[in-house]
Amino acid sequence: MARSTSAVRILAAALFAASAAPGAGQQATGLDIPGLERPVEIRVDRFGIAHIYAETEHDLFFAQGWNAARDRLFQLELWRRQATGTVSEVLGPRELPRDIGTRLFKFRRDLRQELGHYHPRGVEIVGAYVEGINAYIAEANRSPGTLPLEFRLLGILPQPWTPEVVISRHQGLLGNIGAELSTGRLVAAIGADAVKRLEDFGPGEPVLELDGAVEGAALSQDILGLYDAFRGGLRFLPEDIVPEHRGDRDAFARLEQSAAAAAQAPAWDPDEGVGSNNWVVSGRLSASGYPIMANDPHRAQGAPSLRYWVHLVGPGWNVIGGGEPSLPGVSIGHNEQGAWGLTIFSTDGEDLYVYDTNPSDPSQYRYRGQWESMTVLREEVPVKGQRPHAAELKYTRHGPVVFEDKAAHRAYAVRAAWMEVGGAPYLASLRMSQATDWEEFRDACAYSHIPGENMVWAGRDGTIGWQAVGIAPIRRNFSGLVPVPGDGRYEWDGYLPIKAKPWVVNPAEGYFATANNDLIPRDYPHMDAIGFSWSDPYRWLRIVEVLGSGTRHSLADMMQLQTDELAIPARQLVPLLEGLEAPDNRMLRARDLLLEWDYRMHRSSPAAGLYAAWEGQLRSRASQALAPEGVRFNLSLRKTIETLMVPTGELGAEPLQARDQLLMDALVAAVAELTEKLGPDPGGWAWGQPDYHHAYIQHPLGSAVDAATRASLEVGPLPRGGYGSTVQATGNADNQTSGASFRIIVDTGDWDRTVGMNTPGQSGNPESPFYRNLFDGWANDRFFPVVYSRGRVEGATAEVFRLQPAR
């Protein structure tokens, strides 16, 4: 890796460190807080990271909850309402499906057992965290005029939390139930063999045929409506906003339409942007001689961000990293002995069951030849502007009933592994945060049920390793990829022990990387508990290409790799244009623009802009060519490239000629697309620009408020490089709506050399100087230092809160 570029990265980090501070000097605030046992000090550094020092474990997590509420109060209130099924109380009857779905999928087992799963003192830790949140809420509600802007815009107040809110599963990466229903519908339409040719399932040959008891035509109904409602994001309307800040309906419609268009790209599914990269490098291959860990999880971008940095120092705890403001602890980060990170590991923990119901009593379903009664619960859902809604919640032995077709005497239920004890996403990281070596880390991983993840570890003792985690049902006689009858013939045979999932320690290569791709050894003995859907391998291929280059890697090299923009798909596809006859001089120049390009998706590159449009057209056209007539289907990029590299008769009677024609037709269409979008001059087709690939971070209320208020809530736009298949994963759409808002790189030889990112800022309060101060650095790929030692923290402090127990 080029040393000159590394030097630039180090300089950029230093400059960002000097410029991101919202103000000079330290401001100290003393507060008396009911519920504390001893004094607590919170030092907020100039990037907005809170370093919390407490004398007791209770106070440490109490203060973490208090500080999370100080920074992210509105985000926490939205989480609480979604978790408790009370959104209709503030937004009215349109949110009833969400609230009913939430209550249908609510965790209803033993709470003490649940909290104890995540940590031996989980009851106390989560309890203290909730107490801290509530202490802040109680004080804030005494002066409603000082609440964050969003509360004033909606005319509401934050309400108290309970431990049940913390363990809600509503925003987790839970499973594949939507894909399962879609696959079932496709199988019903074109048959299992045709679906296998289009899809990219593996490893192995999963069974896709529908059981004869599942009526394929009936799968077209809105079976998952309640599930999708409870899992979906909140959408605010102008009428939800107080009149003085309300946007008009026409402007709202335009903004929503524009945002939807900017988030779309030909043949690209935005869900492809939900992934991640991580890797560990042994000291043998690092410049410092100590292991390095790097992680950049990819999730939806938003204001505020999903991730939230924090540093927790107390008895038995000295951990720093990123988590979610709704959860105690740290999900990704390091302690004094090691560093860890995560990416998604395909784990199918959901199934859709189809039942025949009793024509005489629709609350009974057939199971093993007998009628079995559903469990029925009744709850009242508060609704703004009307009487509470009486909700009827039904359950089979497998799980919540999400849809009933009473005319056809049929019901559908979701079986979800995440409804078992231990299904709260990321909360088992409490155990990981106290691991002192690889074996303790693996033991902690055994409690990590949701989501399925690739956990990597880099220990200061020199050990590096990978452990796949996630609760994985064992299916002896079915794949889990299509709906099945719930009559007792398709049951789970328990769960695979997590430590029996794939793992590696100290690989011979000296590094290990994951990027949501298929890493399953082909002789793995538990294939009946492994998923079949993986990300395309291109991010992973680029990472291991760099890590395996034979050079020693510095921290700056890892910063460069996390933001690497070389597109391996382009390196495979563009050479296919060599020698192709162009229909005119304009197409000849476009072809040559790609052939002379370096395959890097740099924001300033017109060739990158042309390639992005061309690749989208290729995927669309290849999908149309392979899908049966009348069927809309998007091929994966890997499947697209495979089809074009080795064309078959599916493309035409003369496969090579048909392939070449498709390549040129796609280029013609891409040029026409960019001409309409950006003008006829290729010099204006740079990939990164406000009218093409950019980052504009939206706020949940943004489209519903007036323009002046919107400007205070939303952030951007700024141009972006990279795309959906580069290590710098920024998606293929115009607006980067997903990707790495949070990044971390740790050199275990010196914890104070850790660097990171977040965007747009640590605070969720639009009036805070920490709300958007990190956006410019993030958009321009600049890291900030993440200090750890007490002396370095004191030197970086911008603000101090000294919390005293109230007398």
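Source: prediction; values computed, not measured.

**Structural notes on the overall build of the chain**
Moving on, step 1. The secondary structure content of the chain amounts to 24 helices and 31 strands.
Moving on, step 2. The C-alpha atoms of the chain give a radius of gyration of 26 Å, which matches the 28 Å a tight globule of 807 residues would have.
Moving on, step 3. Overall, the chain is about 85 × 75 × 60 Å in size when its C-alpha atoms are taken along their principal axes.
Moving on, step 4. Across the 807 residues in the chain, those meeting the buried criterion constitute 62%.
Moving on, step 5. Pairs at least 24 residues apart make up 73% of the contacts formed inside the chain by residues separated by at least 6 positions.
Moving on, step 6. Just so you have it, the chain exposes about 29400 Å², and 50% of that area is on carbon and sulfur atoms.
Moving on, step 7. Averaging the locations of the 76 positively and 99 negatively charged side chains of the chain gives two centres separated by 3 Å.

**What to know about the confidence of the model for the chain**
Parts of the prediction with low pLDDT should not have their coordinates interpreted in detail.
Moving on, step 1. Taken as a whole, the chain shows an average pLDDT of 94; of its residues, 96% reach a score of 70 or greater.
Moving on, step 2. Every residue in residues 1-15 scores below 50 in pLDDT, and together they form 23 contacts with partners more than four places removed in sequence or on other chains.

**A look at unusual backbone geometry**
Moving on, step 1. Cis rather than trans, the peptide bond between A303 and P304 has omega equal to 0°.
Moving on, step 2. Mapped onto the secondary structure, P304 falls in the loop between β6 (299-300) and β7 (308-314).
Moving on, step 3. With an omega of -5°, the peptide bond running from T759 to P760 counts as cis.
Moving on, step 4. Relative to the helices and strands, P760 is located in the loop between β29 (755-757) and α23 (775-779).
Moving on, step 5. Positive phi values are uncommon outside glycine, yet R368 reaches one of about 50°.
Moving on, step 6. By secondary structure assignment, the location of R368 is in the loop between β12 (361-367) and β13 (370-373).
Moving on, step 7. Its identity as a non-glycine residue notwithstanding, D781 has a phi of 60°, on the positive side.
Moving on, step 8. Summarising the element assignment, D781 is placed in the loop between α23 and β30 (784-785).
Moving on, step 9. When its relative accessible area of 7% is taken as the criterion, D781 is described as buried.

**As for the packing of aromatic side chains**
Moving on, step 1. Counted according to the given criterion, the structure contains 28 aromatic pairs.
Moving on, step 2. A ring pair is formed by W687 and Y692, whose centres lie 4.8 Å apart and whose planes are at 85°; its orientation type is edge-to-face. Both residues of the pair, W687 and Y692, belong to the buried class.
Moving on, step 3. An aromatic cluster is present here, built from W597, Y599, Y611, W614 and Y723 joined pairwise through their rings.
Moving on, step 4. Positioned above the aromatic ring of Y447 is the side chain of R431, whose terminal nitrogen or guanidinium carbon lies 3.6 Å from the ring centre.

**A few points about the sheet that holds strand β5 (residues 292-297)**
Moving on, step 1. Here we have six strands laid out as an open sheet, ordered β24-β4-β5-β28-β29-β30, and antiparallel in their pairing. Single-partner strands in this sheet number two, and they are β24 (511-514) and β30.
Moving on, step 2. The sheet contact formed by strand β4 (residues 276-281) and β24 spans four bridges and is antiparallel. When the bridges of β24 are listed, N278 appears paired with T514.
Moving on, step 3. In this fold helix α15 (residues 538-547) packs onto β4 and β24, with an angle of close to 165° to the strand it touches most, β24.
Moving on, step 4. Of the strands in this sheet, β4, β5, β28 (743-747) and β29 touch helix α16 (residues 555-562), which is tilted by about 155° from β28.

**Remarks on the sheet that holds strand β9 (residues 332-334)**
Hydrogen bonding along the main chain pairs the strands of a sheet, whether they run parallel or antiparallel.
Moving on, step 1. Read across the sheet, 11 strands follow the order β1-β31-β2-β3-β7-β8-β9-β10-β18-β19-β23 without closing on themselves; strand pairing throughout is mixed. Of all strands in the sheet, those bounded by a partner on one side alone are β1 (27-33) and β23 (503-505). Mean inter-strand twist for the sheet, computed between neighbouring axes without regard to direction, equals 15°.
Moving on, step 2. Sitting on the sheet, helix α14 (residues 438-445) is in contact with β10 (338-344), β18 (453-459), β19 (464-469) and β23, with an inclination near 10° to β19.

**Let's talk about the nonpolar core**
Moving on, step 1. In terms of nonpolar packing, the biggest core is built from 115 residues, with I42, I52, W161, F236, F441 and L701 touching the most fellow members.
Moving on, step 2. Counting residues per element, this core draws most heavily on helix α2 (residues 57-84), at 13 residues.
Moving on, step 3. The contact partners of W161, leaving out residues within four places of it in the chain, are L76, W79, R80, V130, I133, N134, I137, V166 and S326.
Moving on, step 4. L481, L577, A582 and A666 belong to the second largest nonpolar core, which has 61 residues in total.

**As for the pairing of β12**
Moving on, step 1. Direction of pairing for strand β11 (residues 350-358) relative to β12: antiparallel, over a ladder of two bridges. Each residue of the ladder has a partner; that of T357, found in β12, is Y365.
Moving on, step 2. What sits between β11 and β12 in their antiparallel hairpin is a turn of two residues.

**Some points on the packing of α2 against helix α4 (residues 96-104)**
Moving on, step 1. Remark: α2 packs on α4, axes separated minimally by 7 Å, with the N-to-C direction vectors making an angle of 70°. Relative to α4, α2 is oriented roughly perpendicular. In this structure, α2 contributes Q82, A83 and T84 to the contact, and α4 contributes R98, T102 and R103.
Moving on, step 2. Class assignment of the residues belonging to the contact of α2 with α4 gives a composition of one nonpolar, three polar and two charged.

**So, the packing of helix α18 (residues 585-595) against helix α19 (residues 606-626)**
Moving on, step 1. At their nearest, the axes of α18 and α19 sit 9 Å apart, and the two run at 105° to each other. Considered as vectors, α18 and α19 are oriented roughly perpendicular to each other. Residue-level inspection shows A590, L593 and L594 of α18 in contact with α19, the latter providing P606, A607, L610, Y611 and W614.
Moving on, step 2. Across the contact of α18 with α19, the residue classes tally to eight nonpolar, no polar and no charged.

**Observations concerning the pattern of salt bridges**
Pairs can form between side chains of opposite charge once their charged atoms are near each other.
Moving on, step 1. Summed over all chains, the structure comprises 49 salt bridges.
Moving on, step 2. E215 is the partner of R410 in a salt bridge, and the nearest nitrogen-oxygen pair spans 3.0 Å. With R410 in strand β17 (residues 410-416) and E215 in the loop between α10 (192-198) and α11 (225-231), this residue pair connects regions lying 195 residues apart in the sequence.
Moving on, step 3. A residue is classified by how much of its surface remains accessible, and R410, at 11% relative accessible area, is buried.
Moving on, step 4. When the shortest N-O distance is used, the salt bridge between D528 and R476 registers 2.7 Å. One end of the pair, D528, is in the loop between β24 and α15; the other, R476, is in the loop between β20 (473-475) and β21 (484-485), with 52 residues separating them in the sequence.

About the cut-offs
Residues numbered from 1 in each chain as written. Predicted model: local features only at pLDDT ≥ 70, side-chain atom pairs only at ≥ 80, totals over all residues. Heavy atoms only, no water. Helix = DSSP H or I, 4+ residues; strand = E, 2+ residues; numbered from the N terminus. Rg over C-alpha atoms; globule rule 2.2 N^0.38 Å. Buried < 20%, exposed > 50% of the residue type's maximum accessible area, 1.4 Å probe, protein only. Contact = heavy atoms within 4.5 Å. Areas by Shrake-Rupley, 256 points an atom, 1.4 Å probe, with all protein chains shown as cover. Lys, Arg positive; Asp, Glu negative; His and termini not counted. Charge placed at Lys NZ, Arg CZ, Asp CG, Glu CD. pLDDT = per-residue confidence, 0-100. Phe/Tyr/Trp six-rings, centres within 6.5 Å; stacked < 30°, edge-to-face > 60°. Lys NZ or Arg CZ within 6 Å of the ring centre and 35° of its normal. Pairing = 2+ DSSP bridges. Axes fitted to C-alpha atoms, helices over the stretch in contact; angles between N-to-C directions. Core = buried A, V, L, I, M, F, W, Y, C linked by side-chain atoms within 4.5 Å. Parallel < 35°, antiparallel > 145°, perpendicular 65-115°, else oblique. Nonpolar A, V, L, I, M, F, W, Y, C, P; charged D, E, K, R; others polar. Salt bridge = Lys/Arg side-chain N within 4 Å of Asp/Glu carboxyl O.

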